[in-house]
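Per-entry structural report
Chain residues, written in single-letter form:
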Amino acid sequence: MRADRLVALVLLLRQRGRMTADEIARELEVSTRTVLRDMEALSTAGVPVYADRGRYGGFALLPGFRTELAGLNHDEALALLTAGSGRGAKVFGLSAPLASAMRKVVDALPEGQRVNVGEAAQRLLVEPETDLLSRRLAPEEIPDGVLSEVRRAVLAGRRLRFDYAAPDKPPRQHTVDPIGLVTVRDRMYLLALVSGEDRTYRLSRMLTAEEIPEPADRPAEVDLDRIWAERTARFLSDRHLPVVVRVTASRREELLEAARALRAEESEPDGWVRLDIIFEDPPHAVWAIWQLGADAEVITPQALRDALADRARHLTALYTP
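Within every chain, residues take consecutive numbers counted from 1 along the sequence as written. pLDDT decides what is reported in this predicted model: residues at 70 or higher carry local features, side-chain atom pairs at 80 or more are listed and counted, and totals for whole chains, interfaces and linings draw on all residues regardless. To get the side-chain values, all heavy atoms of the structure are used, and hydrogens and water are removed first.

Things to note about the sheet that holds strand β5 (residues 187-194)
- Two strands make a pair as long as DSSP finds a minimum of two bridges between them. Only DSSP runs of H or I with at least four residues qualify as helices, and only runs of E with at least two residues qualify as strands; both kinds are numbered from the N terminus onward. Strand order in the open sheet made by the five strands is β6-β5-β4-β3-β7, with antiparallel pairing throughout. Looking at strand neighbours, the two that pair on one side only are β6 (197-202) and β7 (206-215), the edges of this open sheet. Here the strands of the sheet are splayed against their neighbours by 45° on average, with no regard to which way each runs.
- Taken together, the five bridges between strand β3 (residues 158-164) and strand β4 (residues 172-184) define a ladder with antiparallel strand orientation. Note that in β4 the partner of F162 across the bridge is H174.
- The criterion used for residue contact is that any of the two residues' heavy atoms lie within 4.5 Å. Comment: axis = line fitted to C-alpha atoms, over the contacting stretch for helices; angle = value between 0 and 180 degrees taken between N-to-C directions. Relative to the sheet, helix α8 (residues 146-156) contacts β3, β4, β5 and β7, its axis offset from that of β7 by approximately 25°.

Structure below.
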């Protein structure tokens, strides 16, 4: 851990120039005392770091102390920096390692590329936290320690034990063979096996998690795309409500945000879109479609049409003089 921190410290000074001990401590999330000890260790190891005293002082490196990664071209570096700007690393709890990796990539580039790539990366944004309607896309809250423990078990191929609170059920302990982690719309799922049977768990419902020092009984090779598609198909076919609905193109995204899944889509010549979507249950479907008013029309099932008509009649009676 300390070796990684010392490398990060050197890269910070190379990229930002002079920094105070407090600035370095905030960036590396350590104490000022730790920074001072690290500076002494770098100096002892022969790294040309020096300190300027006074109000505008700080730590800096002698000019020219650097290495270059000449084999990485502009587009390759830009791809790395752009991918690193997304929220995937944050969702999987890898923000700090990603920041460290990006500093190493930028620092290792030749001088001319470093400037050009940095400016180019500022013009590309991946997955911002809000959409055009100012709706915040916030990931689910996962208890402290759960994500790191689950991720460690998945990557190490070890079994996992956790307490899980399913909806409307008391918490229960599970022991599983983890296969992989998947994020969908900022929800994170653990794909696992229990006695060879497929299981899927939401990490936000895990209360605790513990890696077990036993090898997981799982396939050596894994295709998460295929596994997720198969489990999604089974999930949607069980205890959920399929609905065919017409919606104006301008309200399509709003309806899909409320739905559980989209099974099929077809454009209509009048500017409307026909969607085959899945809802949790009839009350969920009534609530979601009612929000759209006359911008949506249910085609099937008839029971859902009747429920919406009944609600409209009650509202009309309430407001009729």
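Concerning a nonpolar patch on the surface
- Patch construction takes residues with relative accessible area above 30% that form no salt bridge. Like charges are linked within 9 Å, and nonpolar side chains (Val, Leu, Ile, Met, Phe, Trp, Tyr) are linked within 5 Å. The Shrake-Rupley method, run with a 1.4 Å probe sphere, supplies the accessible areas, and residue values consider only the shown protein chains as cover. The rule for a salt bridge is simple: a side-chain nitrogen of Lys or Arg has to be within 4 Å of a carboxyl oxygen of Asp or Glu. Taken together, the side chains of L315, L318 and Y319 make up a nonpolar region of the molecular surface, amounting to roughly 370 Å² of accessible area.
- Tracing the chain through its elements places L315 in helix α12 (residues 302-319).

Observations regarding the packing of aromatic side chains
- Stacked, edge-to-face and tilted are the three classes for Phe, Tyr and Trp ring pairs, Trp counted by its six-membered ring, which pair at centre distances within 6.5 Å; planes under 30 degrees apart are stacked, over 60 edge-to-face, the rest tilted. A full pass over the atoms with the stated rule returns four aromatic pairs.
- With a centroid separation of 5.0 Å and an interplanar angle of 75°, the aromatic rings of F162 and Y201 are classed as edge-to-face. Placement of F162 in strand β3 and of Y201 in strand β6 is noted, with a sequence separation of 39 residues between them. The same class applies to F162 and to Y201, which are both buried.
- Ring geometry for Y164 and Y201: centres 5.2 Å apart, planes at 80°, overall edge-to-face. Buried residues are those whose accessible area, probed at 1.4 Å on protein chains only, stays under 20% of the maximum for their type, while exposed residues exceed 50% and partly exposed ones sit between those limits.

A few points about the sheet that holds strand β10 (residues 272-279)
- Reading across from one edge, β9-β10-β8-β11 is the order of the four strands in this open sheet, with antiparallel pairing throughout. Each end of this open sheet is capped by a strand with a single partner; those strands are β9 (261-267) and β11 (296-300). For this sheet the average axis-to-axis angle between neighbouring strands, irrespective of direction, equals 25°.
- Seen against the sheet, α12 touches β8 (241-248) and β11 and runs at an angle of roughly 140° to β11.

Some thoughts on the pattern of salt bridges
- Inspection of every chain in the model, using the stated rule, returns 22 salt bridges.
- Where R246 meets D270, a salt bridge forms, and the shortest distance between an N and an O atom there is 2.7 Å. Within this pair, whereas R246 is found in strand β8, its partner D270 is found in the loop between β9 and β10, the two being separated by 24 residues in sequence.
- Ionic pairing is found between R246 and E297, a salt bridge with its closest N-O pair at 3.2 Å. Of this pair, R246 sits in strand β8 while E297 is found in strand β11, placing the two residues 51 residues apart along the sequence.
- The structure contains a network of salt bridges with shared partners spanning R246, E268, D270, R274, E297 and R305.

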